[in-house]
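# Examining the three-dimensional arrangement
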Amino acid sequence: TAGTFDPGPSPPGGGGEGGGVSTGGDSPVQNGAARSSSYAQSPPQIALNDSDAAVAVWQETEQATGAQKLWANVRSSSRWGNATVIDTLGSADPRVAMDLNGRIIVVWSRKSSDASAPGNTLWSQRYSNGNWLTVAQRISNLPTRDNSGYALSPALAMGINGTAMAVWTDNGQTSNAARSI
């Protein structure tokens, strides 16, 4: 759909073409709970649609233990919801996509819990009608026993009807080749 966006004036000391925060539109909103410096958050991944719906996903790592969580927050009806943990098992590198009806899919990398095959696997979870629909589902092969083959670096897209496609780098799982998509 066509539309216009007026970002308003840039704040003193920043904004404009070089980046910063725009003063136009809604006021900034904190997404998720404030954390101490003992937590590190990855840059968020976002998706939005023409119906004013949006989603943000990010990884949080506890500095002392290295424990990783994957968080998501959904915006609908012009309001952000509450941030929700969607994975706690060594999750990283999230990607997110949304369709016109607000259906969401998140794909991420998870460290293997099998010490004999410590590589990564890729997982996904869907959101529709205000709810995360399923527990996370593995979408890639298991790592090879010698850890020479595992999945990494997912990319994700979703069509207007909710059909999603994920691709990733295959580090030797399907052949002796070094990497393939």
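You'll find the structure just up there.
Attention in this report is confined to the structure presented alongside it. Computed from a predicted model, the values in this text were never measured in an experiment.

Counting its secondary structure elements, the protein contains zero helices and 13 strands. Counting from the amino terminus, helix and strand elements in the protein follow one another as β-β-β-β-β-β-β-β-β-β-β-β-β. For the protein, the residues scored as buried account for 36% of the 181 residues in total. Roughly 10,700 Å² of accessible area belongs to the protein as shown, and the carbon and sulfur atoms make up 51% of that amount.

Right, let's talk about unusual backbone geometry for a bit. Its identity as a non-glycine residue notwithstanding, D52 has a phi of 65 degrees, on the positive side. The residue D52 is located in the loop between β2 (45-48) and β3 (54-62) in this model. The backbone of S77 sits at a positive phi, close to 50 degrees, despite the residue not being glycine. Locating S77 in the fold gives a position in the loop between β4 (68-76) and β5 (79-80). A relative accessible area of 68% places S77 in the exposed class.

On to the packing of aromatic side chains, then. Each aromatic ring pair is specified by the distance between its two centres and by the angle formed by the two planes. Applying the stated criterion across every chain yields a total of two aromatic pairs. With centroids separated by 6.4 Å and ring planes inclined at 5 degrees, the aromatic side chains of W58 and W71 adopt a geometry described as stacked. One end of the pair, W58, is in strand β3; the other, W71, is in strand β4, with 13 residues separating them in the sequence. Each member of the pair, W58 together with W71, is buried.

Structurally, T121 can be placed in strand β9 (residues 120-128). A relative accessible area of 5% means that T121 is categorised as buried. When the C-alpha positions of T121 and A151 are compared, they lie 5.5 Å apart, and in sequence the two are 30 residues distant. Contacts of T121, omitting those with residues within four sequence positions, involve W108, S109, R110, R138, S140, N141, L142 and P143. Engagement of the side chain of T121 in a polar contact is seen with the side chain of W123, the distance being 2.7 Å.

So, on to the pairing of strand β12 (residues 150-158). As paired strands, β12 and strand β13 (residues 164-171) are joined by seven bridges and run antiparallel to one another. From the neighbouring strand, M158 faces β13, where its bridge partner is A164.

Reading the values: the criteria
- Residues numbered from 1 in each chain as written.
- Predicted model: local features only at pLDDT ≥ 70, side-chain atom pairs only at ≥ 80, totals over all residues.
- Heavy atoms only, no water.
- Helix = DSSP H or I, 4+ residues; strand = E, 2+ residues; numbered from the N terminus.
- Buried < 20%, exposed > 50% of the residue type's maximum accessible area, 1.4 Å probe, protein only.
- Areas by Shrake-Rupley, 256 points an atom, 1.4 Å probe, with all protein chains shown as cover.
- Phe/Tyr/Trp six-rings, centres within 6.5 Å; stacked < 30°, edge-to-face > 60°.
- Contact = heavy atoms within 4.5 Å.
- Polar contact = N/O pair within 3.5 Å; in protein donor to acceptor, adjacent residues only side chain to side chain.
- Pairing = 2+ DSSP bridges.

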